[in-house]
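If you want the building blocks of each chain, they are given just below.
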Amino acid sequence: MTADTLLILTIFLPLAGAAVVLPVKTTSSASIKAAGLLASLATFATTLLLWSNFDATAPGFQMESSIPWVSSLSVSFHVGIDGMSLLLMLLTAFMTPLALLGSWNSIEKRLKEYVIMMLLLETGILGVFASLDLFLFYVFWEAMLIPMYFIIGIWGGKNRTYAAVKFFLYTMAGSLLMLIAIIWLAYQGPQQTGGGFTTDLQVLYSVGPRLPAGLQLWMFLAFTLSFAIKVPLFPLHTWLPDAHVEAPTAGSVMLAAVLLKMGTYGFLRFSVPLFPAATLTCIPWLAGLAVVGIVYGALVSMVQTDIKKLVAYSSVSHLGFVVLGIFAMTEESVQGGIIQMVNHGLSTGALFLLVGMLYDRRHTREISEFGGIAKVMPVIAVFFMIVSLSSMGLPGLNGFVGEFLILIGAFSSPYLGPWFTIIAATGVILAAIYLLVVYQKVFLGKNANTANSSLPDLSKREVAVLVPIVVFIVWIGVFPGSFLHLTDGSTRALVRAFHRDAAGAAMKVGADPVPAPPSPRTR
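Residue indices follow the written sequence of each chain, beginning from 1 at its first position. For a predicted model such as this one, the threshold for reporting local features is a pLDDT of at least 70, and the threshold for listing and counting side-chain atom pairs is 80 or more; totals across whole chains, interfaces and linings nevertheless cover every residue. The basis for the side-chain values is all heavy atoms of the structure; hydrogens and waters are excluded.

Participant: Run through the overall build of the chain, naming residues and quoting values.
Facilitator: Secondary structure elements are defined from DSSP: runs of H or I of at least 4 residues count as helices, runs of E of at least 2 residues count as strands, and each element is numbered from the N terminus. When its secondary structure is counted, the chain shows 19 helices and two strands. In terms of C-alpha radius of gyration, the chain reaches 22 Å, essentially the compact-globule figure of 24 Å for 523 residues. Along the longest, intermediate and shortest principal axes, the C-alpha atoms of the chain span 75 × 55 × 40 Å. In this analysis, two residues are considered to be in contact whenever any of their non-hydrogen atoms come within 4.5 Å of each other. By sequence separation, contacts in the chain at least 24 residues apart represent 80% of the contacts at least 6 residues apart. Entry remark: accessible area of the chain is about 18900 Å², with carbon and sulfur atoms responsible for 69%. Asp and Glu count as negative and Lys and Arg as positive, but His and the ends of the chain are not part of the count. For this purpose, a charge sits on NZ of Lys, CZ of Arg, CG of Asp or CD of Glu. Taken as two groups, the 28 positive and 24 negative side-chain charges of the chain have centres that lie 7 Å from each other. Atoms considered for the radius of gyration are the C-alpha atoms alone. The globule rule reads 2.2 Å times the number of residues to the power 0.38. All accessible areas in this document rest on Shrake-Rupley with a 1.4 Å probe, and a residue is counted as covered only by the protein chains that are shown.

Participant: Break down helix 15 (residues 378-391) for me, with residues and values.
Facilitator: In this model helix 15 runs 20 Å from its N-terminal to its C-terminal C-alpha over 14 residues, within 8% of the 20 Å that 1.5 Å per residue would give. Between buried and exposed lies partly exposed: a residue is buried under 20% and exposed over 50% of the maximum accessible area for its type, with that area taken using a 1.4 Å probe on protein chains only. Ile380, Ala381, Phe383, Phe384, Val387, Ser388, Ser390 and Ser391 are the residues of helix 15 that are buried. Where the residues of helix 15 are buried, they touch helix 13 (307-328), helix 14 (331-362), helix 16 (398-411), helix 17 (418-443) and helix 18 (460-478). Phi turns positive one or two residues past the end of helix 15, at Gly393, with a value near 85 degrees. Residue count minus one, scaled by 1.5 Å, sets the expected span of a helix.

Participant: Explain the environment of Pro23 residue by residue, including any values.
Facilitator: Its place among the elements puts Pro23 in the loop between helix 1 (3-21) and helix 2 (29-53). As for Pro23 and Lys112, which are separated by 89 residues in sequence, their C-alpha atoms are 9.4 Å apart.

Participant: An account of unusual backbone geometry is requested, with residue identities and associated values reported.
Facilitator: In this model, Val231 is joined to Pro232 through a cis peptide bond whose omega is -10 degrees. Tracing the backbone through its elements, the reader meets Pro232 in the loop between helix 8 (213-230) and helix 9 (239-246). Looking along the chain, the bond that leaves Phe234 and enters Pro235 is cis, with omega of 5 degrees. Residue placement: Pro235 occurs in the loop between helix 8 and helix 9. In this structure, Met329 is a non-glycine residue whose phi angle is positive, near 55 degrees. Relative to the helices and strands, Met329 is located in the loop between helix 13 and helix 14. Met329 gets classed as buried once you look at its relative accessible area, which sits at 0%.

Participant: Describe the pairing of strand 1 (residues 62-70), naming the residues involved and giving the relevant values.
Facilitator: Paired strands, in this sense, are two strands between which DSSP finds at least two bridges. Pairing geometry for strand 1 and strand 2 (residues 75-81), over six bridges, is antiparallel. Bridge pairing in strand 2 places Val70 opposite Val75. As consecutive antiparallel partners, strand 1 and strand 2 are separated by four residues, and within that stretch Ser74 has a phi angle of approximately 55 degrees, a positive value.

Participant: Provide a residue-level description of the pairing of strand 2, including the pertinent values.
Facilitator: Summarising burial for strand 2: seven of the seven residues are buried, a large majority. Side chains of strand 2 alternate between two faces, with Val75, Phe77, Val79 and Ile81 and Ser76, His78 and Gly80 buried alike.

Participant: How would you sum up the packing of helix 5 (residues 134-155) against helix 10 (residues 249-259)? Please name residues and give values.
Facilitator: Where helix 5 meets helix 10, the closest approach of the two axes is 10 Å, and the angle between their N-to-C directions is 145 degrees. The hand of the helix 5/helix 10 crossing is left-handed. Contacts between helix 5 and helix 10 pair Met144, Met148 and Ile151 from the former with Gly251, Leu255 and Leu259 from the latter. All residues other than Ala, Val, Leu, Ile, Met, Phe, Trp, Tyr, Cys, Pro, Asp, Glu, Lys and Arg, Gly among them, are scored as polar; the first ten of these are nonpolar and the last four charged. Residue composition of the contact of helix 5 with helix 10, by class: five nonpolar, one polar and no charged. Note on definitions: angles span 0 to 180 degrees between N-to-C directions of axes, and those axes are lines fitted to C-alpha atoms, for helices only across the stretch in contact. Two helices crossing with the near one rotated counterclockwise from the far one by less than a right angle form a left-handed crossing, whereas a clockwise rotation gives a right-handed crossing.

Participant: Run through the environment of Lys166, naming residues and quoting values.
Facilitator: Take Lys166: it is sitting in helix 6 (residues 160-193). Once the C-alpha coordinates of Lys166 and Ala243 are considered, the two residues, 77 residues apart in sequence, prove to be 8.0 Å apart. When near neighbours in sequence (up to four residues on either side) are disregarded, Lys166 contacts Thr238, Trp239 and Asp242. Here Asp242 takes part through its side chain, which lies 3.0 Å from a polar atom of the side chain of Lys166. By the criterion applied in these results, polar contacts are pairs of N or O atoms within 3.5 Å in which, for protein atoms, one can donate a hydrogen and the other can accept it, and in which residues neighboring in sequence qualify only through two side-chain atoms.

Participant: Please give an account of the packing of aromatic side chains that cites residues and values.
Facilitator: In summary, the pairing rule links any two rings of Phe, Tyr or Trp, Trp by its six-membered ring, whose centres are within 6.5 Å, and it sorts them by plane angle into stacked for under 30 degrees, edge-to-face for over 60 and tilted for everything else. The final tally for this structure, using the stated rule, is 32 aromatic pairs. Both rings, one in Phe129 and one in Tyr265, keep their centres 5.1 Å apart while their planes meet at 75 degrees; by these two values the pair is edge-to-face. Separated by 136 residues along the polypeptide, Phe129 in helix 4 (residues 111-130) and Tyr265 in helix 11 (residues 261-274) bring together distant segments of the chain. Per residue, the accessibility class of Phe129 equals that of Tyr265, and both read buried. In this structure an aromatic cluster arises from ring pairing among Phe129, Phe137, Trp141, Phe223, Phe227, Tyr265, Phe267, Phe270, Phe275 and Phe327. Above the ring of Trp141, the side-chain terminus of Lys230 is found at 5.1 Å from the ring centroid. Lysine NZ or arginine CZ positioned within 6 Å of the ring centre and within 35 degrees of the ring normal marks a charge as sitting over the ring. Cation over ring: Arg365 sits above Tyr359, and NZ or CZ is 5.1 Å from the ring centre.

Participant: Pulling in residues and values, what's your account of the pattern of salt bridges?
Facilitator: What makes a salt bridge here is a side-chain nitrogen of Lys or Arg within 4 Å of a carboxyl oxygen of Asp or Glu, nothing more. Using the criterion set out here, one finds nine salt bridges in the structure. Linking Glu331 and Arg492 is a salt bridge whose minimum nitrogen-to-oxygen distance equals 3.9 Å. Of the two residues, Glu331 is situated in helix 14 and Arg492 in helix 19 (residues 481-508); the sequence distance between them amounts to 161 residues. The same class applies to Glu331 and to Arg492, which are both buried. The class for Arg492 is buried, based on a relative accessible area of 19%. Within this structure, Glu331, Asp488, Arg492 and Arg496 form a network of salt bridges that share partners.

Here it is in C-alpha cells:
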C-alpha cells in the first residue's frame, strides 16, 4: 500500500467502522462496543504507520493525493500532511479509542447511534487536519459539527439541548464567514496568478500574500473569527463551559483533546500564511486577547464549585498559551504552541476522563460533596495528581515543555513586548493554585461524607485507559525532541516566510522594517 493511499485509508477507516456498526442489532451491546473500539484502534494503527513513513527532514507536505472532485471549479479531494498535521492526527486517533473505552459502561440508551457518532466525528476531525483544498477542508469542518451536536444533545446532561444548540450556532456563525472568505479568495486566483478559480491551498499560498493589505485584513478576520470561536479565544468562549459540562465524558474528552485544536491549527495552516500583512497588523490584538484569556480562564477556574466546569475554564487559560505562542511568531514559540496542543489534549482529556470516573461513582460533580477520598480510592488519587502536575507545567512532564518554549519564544518576539510574556507567566502560578486546591478538597482531608466511604477504586479497564496517557505525558516531558523534530521543518518554513512577507508589507506602507527574530541556534 502506498503512503498516499494509507492517508486516505486513515481518514475514512472510522467511517467504514460506522458502516459496520450500522446493521448490528441494537440489543447486541457487546458487539457494538467491540466494533467501535476495533475501528478506532485500527485507525490509530494506521496513524502509527503514517508516522513510520513520515520523513521529518523533508520540507513541504508528504503523502499527497489529489483526486478531481468538482472539475468545473478546480475543486479536488486533495490531502497531505506535514509534521503539524501528523501530530494532531496521531492525537485524534490516540484519544478516540480511549474515550470510547472510558465510557464503556456509561452509555445505556442508543448505544449504537452513540458509537456511530463517535466514529463519524473522528473521520471529520482527521479530514480537517489532512485537507489541502479549502472546499474539502470546509466540508470536513462542517461535517464534524453534526456528530458533536448529537453527542451533546442526546447523551448529555439535563441542559444538553441548550448546550448543543449554543455550540452549533456559535461554530456555524463563524463557519459561514469563513465560507465567504474562501469563495472570495478563490476568485482572486485568476487576478494574481493568471489561472482560474481554485480552492487548492498550495496555489492560494502564492495568492493570499499578494493581495492588498485592506483586502487581506477582511479575509483574515473572516477566517480568524471562525478559528477563534473554535479555540475558543476570549471573549468568544462562552459556549465552551456549557458544552463541556453537559456533554458525556467521551464528548468532553474529544472536545477538549481534539476539537479545540482545530482552531489553533487553522491559525497556523490558513490565517498566518495566507494573509501575512493582516496577521502583522492584528498580532498585538490577538496576543492581547490570548493573555487576557490566560488570566481570565485561570481566575474563573479558581471560583468554580463544579469540578468539570473548573476543567472546562482551565482550557480557556491553557489554549491562551497556544494562541500566544502562535502569534509571537518565533520558531520556539510556534514549536511550543504546536506541542502544547498535544499536551493539552493529553492532560485535559485525562482530567475529563477522571472527572467522569468520579461522576460514575457519586453522580455529582460538586467539589463540596467530596473530601478525603484518597483513603478509599488511592489509585485514582495518584492518577489525578500526575495529570494535575502535568497540566500545571511541572518540569519533567509534558506541560512544562510547551509552556517553556512559548514563554521564551514570546519574550524574544520582535512583534510583542515583554509584558505579554510577563503577564502570561502568571497563568502558570494561577494554574498551580486552582489545581492543587481542588485536589486538596477532593482527595485530601477528612472523609466526612458517608457516601464517599465505600467508593470503589478504578477498575482494570479504567486503569488501562489512563496508563497510556500517563506514558505519553512522561515521554514528552523527558524526551520532547522525539516529537518536536516532526514539526521543526514546517515551523521554520512558516516563521521565515511570515517574516519575509511581513517585512515586505511593512515596506509597502512605509513602516519601520521588522527585525528578524534571532535564530534559536545562534542565540
